[in-house]
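# Tertiary structure, described
Residue strings, one per chain:
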Amino acid sequence: ANILRGKTAGQDYKNYILSLMFFKRLCDQWAREADEAIAEVEKQQGMELNDRQRAVFRKRGEHRFSIPQGSQWGDVLAASTNLGEVLTKAMRSVANANDELRGVFTVDWNQPAPDGSGKPLIPNEVVHALIQHFDEYDLSNQSVPGDILGRAYEYLIKQFADDAGAKAGEFFTPPEVVDTLVWILEPQPGDSIYDPTGGSGGMLVHSADYLREKGHHATAASYYAQESSWGNAAIGKINSVLHGLEAKIEAGRSTITDPAFLENGQVKKFSLVLANFPFSDEFWW
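Reading guide: rules and limits
Throughout, a residue's number is its position along its own chain's written sequence, starting from 1. For a predicted model such as this one, the threshold for reporting local features is a pLDDT of at least 70, and the threshold for listing and counting side-chain atom pairs is 80 or more; totals across whole chains, interfaces and linings nevertheless cover every residue. Computation of side-chain values: all heavy atoms of the structure, hydrogens and water removed. Per the convention used, a helix needs a DSSP run of H or I reaching at least four residues, while a strand needs a run of E reaching at least two, with both numbered from the N terminus. Each residue's exposure class comes from its accessible area (1.4 Å probe, protein chains only) as a fraction of the maximum for that residue type: buried when under 20%, exposed when over 50%, partly exposed otherwise. We call two residues in contact when some of their heavy atoms are within 4.5 Å. Strands qualify as paired when DSSP identifies two bridges or more between them. With axes taken as lines fitted to C-alpha atoms, and helix axes fitted only over the stretch in contact, angles between N-to-C directions fall between 0 and 180 degrees. We define a salt bridge as a contact between a side-chain nitrogen of Lys or Arg and a carboxyl oxygen of Asp or Glu at a distance within 4 Å. Relative orientations are named as follows: roughly parallel for angles under 35 degrees, roughly antiparallel for angles over 145 degrees, roughly perpendicular for angles from 65 to 115 degrees, and oblique for any other angle. Three categories are distinguished: nonpolar for Ala, Val, Leu, Ile, Met, Phe, Trp, Tyr, Cys and Pro, charged for Asp, Glu, Lys and Arg, and polar for the others, with Gly belonging to the last.

Attention now goes to the environment of Ala-1. Along the chain, Ala-1 falls in the segment before helix H1 (13-45). Judged by relative accessible area, Ala-1 falls into the partly exposed class, the value being 33%. With eleven residues separating them along the chain, Ala-1 and Asp-12 place their C-alpha atoms 10.0 Å apart. In this view, Ala-1 contacts Tyr-13, Ile-17 and Phe-160; residues no more than four positions away in its chain are not counted.

On to the sheet that holds strand S2 (residues 222-227), then. Taken together, the four strands give an open sheet; going across it, the order is S3-S2-S1-S6, and neighbouring strands pair in parallel fashion. At either end of the open sheet lies a strand with only one pairing partner, and these are strand S3 (248-251) and strand S6 (272-273). Contacts from helix H8 (residues 202-213) reach strand S1 (192-195) and S2, with the element oriented near 165 degrees to S2.

What follows is about the pattern of salt bridges. Considering all chains together, one arrives at seven salt bridges under this definition. Note that Glu-263 is salt-bridged to Lys-268, the shortest N-O span being 3.1 Å. The exposure class of Glu-263 is partly exposed, given its relative accessible area of 43%.

Moving on to the side chain of Asp-28. For Asp-28, the position within the fold is in helix H1. For Asp-28, a relative accessible area of 12% puts it in the buried group. Not counting residues up to four positions away in its chain, the partners in contact with Asp-28 are Tyr-137, Asp-138, Leu-139 and Ser-140.

On to the packing of helix H4 (residues 83-96) against helix H5 (residues 124-135), then. With their axes 8 Å apart at the nearest point, H4 and H5 run at an angle of 50 degrees to one another. Between H4 and H5, the crossing angle belongs to the class labelled oblique. Contacts from Leu-83, Gly-84 and Leu-87 of H4 reach H5 at Asn-124, Val-127, His-128 and Ile-131. Across the contact of H4 with H5, the residue classes tally to four nonpolar, three polar and no charged.

So this is what it looks like as structure tokens:
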């Protein structure tokens, strides 16, 4: 955030930083997944695989997410000019290659400055500094397990909300409040859980945490959310992926005026609904 400071508005830091962190995470984990699969097989069989067997695993190329050729972190790192364009193209290529990630990378790192000069809003040297900074850290499971990265992600969401002066605004609900709502509702396996004002996905993530605390798997329930802001929905999608939720999040329209979840032509019903309603929106009244 300090690298970005003065180059864009404080409330935009979250969109740049969080999406870049997630892109780095996807690439680092992609590179490590074959080693994880090999380690798991060796553990199950109680013996080490030979080089030939390991090569077979790596060639198989089984990955949680697809990262097209030319869109790896290393490809971005190797570029020196037009970094905003290169980074944006790589991120959107990854999103387009994975249905689950569509709409996740909404930031245009190559957005032109408003003065009509044709220069990018975020200068090439600033994007370069950010990429170099993130390159110092391995964000794969080998260094940062998913639950830890997920908690770090939520911490960053809070910090950016505070920094933008939106602590109680449209974007952030304090985790203590979220936990209170979840404990009142007591999610159970088989429940469908819905947040009509999804924001950064905290309601869904904390519902999953509750299930885990009760000895269930996070995916024992199903998760849904709708969020009118594309940027916030992108952050919510990233949050759900980091926490392994398989959540379905719809974006770009208001739940009240244009509900996204329908069933037989009617508004879909869910087992549990929890939200921090946007009371500044006249339609909620």
